[in-house]
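Chains, contacts and geometry: an overview
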Amino acid sequence: YHCFLTCLNSDDTTTVPALERFVQKLADQCHHNLTVFTLPRPCKGSACKRLHLFLRWMIRKDAVDPGDWHDLNPALLVVPLDTHMHRIGRALGFTNRQQADHRTALEITEGFKTVSPEDPVRYDFVLTRLAIRQDLKNACGFVAFMIAETFSKSSQLQGAAHRSSPSRQEIGTQ
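Residues numbered from 1 in each chain as written. Predicted model: local features only at pLDDT ≥ 70, side-chain atom pairs only at ≥ 80, totals over all residues. Heavy atoms only, no water.

Section: the overall build of the protein
Along the protein, the regular secondary structure elements total nine helices and zero strands. Within the protein, contacts between residues at least 6 apart in sequence are counted, and of these 55% link residues at least 24 apart. (Helix = DSSP H or I, 4+ residues; strand = E, 2+ residues; numbered from the N terminus. Contact = heavy atoms within 4.5 Å.)

And the structure:
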């Protein structure tokens, strides 16, 4: 906790710079090349899903996440991007990128910040569960379509969700 906390600067707008500094500290402490191959790095384009997921668990406090790191603001979190959240982010119109990489994770996080600026990863667990469960894949597409429609009609989000949302047929094929 303290090692990560020392990597966080007061002007960081996400956890990404601190995560990069944290991984560098770990690499510096391990005097071999193993960390070069085993630790993902945002600066190299990695979405760093497991590291962002760990931060979500430690910073958020609710029924899913234990939230033992009370000093850190959930607004700094980045979506733990996997194939499921990537598909959802595309369906919601938060990104049109094909790669599930660092840049895409930031785009999807920005999309969720339009809905929940104080906690952009708030919906991560429930949305990815919809996408993971085979019996709910069609429901996930429909829910994503309905959310995207709601976003596109919301005056609060005008201009924020600037990417076009796919049609219901496109969601089913993604």
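There's more to say after this.
What about the nonpolar core?
The nonpolar side chains of a soluble globular protein tend to be buried with one another. Of all hydrophobic cores here, the largest spans 30 residues; its most connected members are F4, L55, W69, M85, I108 and F112. For this core, the secondary-structure elements that each account for two or more residues are α1 (2-7), α2 (16-29), α4 (49-59), α5 (83-91), α6 (102-113) and α7 (124-132). When residues of this core are assigned to their parent elements, the largest contribution, five residues, is made by α2. When neighbours within four sequence positions are excluded, L55 is seen to be in contact with F4, T15, L19, R60, W69 and L77. (Core = buried A, V, L, I, M, F, W, Y, C linked by side-chain atoms within 4.5 Å. Buried < 20%, exposed > 50% of the residue type's maximum accessible area, 1.4 Å probe, protein only.)

Thoughts on α4
Among the residues of α4, L51, H52, L53, L55, R56, M58 and I59 are the ones counted as buried. Here the buried face of α4 lies against α1, α2 and α7.

A closer look at a nonpolar patch on the surface
A contiguous nonpolar surface patch, about 220 Å² in accessible area, is contributed by V64, F125 and V126. Position of F125 relative to the elements: it lies in helix α7. Looking at F125, the relative accessible area reads 33%, which means it is partly exposed. (Patch = residues over 30% accessible without salt bridge, like charges linked within 9 Å, V, L, I, M, F, W, Y side chains within 5 Å. Areas by Shrake-Rupley, 256 points an atom, 1.4 Å probe, with all protein chains shown as cover. Salt bridge = Lys/Arg side-chain N within 4 Å of Asp/Glu carboxyl O.)

Observations regarding the pattern of salt bridges
A complete count under the given rule lists eleven salt bridges for this structure. A salt bridge links D12 to R21, with the nearest nitrogen and oxygen atoms 2.6 Å apart. Taking relative accessible area as the criterion, D12 reaches 12% and is therefore assigned buried. A relative accessible area of 30% places R21 in the partly exposed class. Two residues, K113 and E110, come together in a salt bridge whose shortest N-O distance is 3.8 Å. With K113 and E110 both in helix α6 and three residues apart, this pair spans about one turn of that helix.

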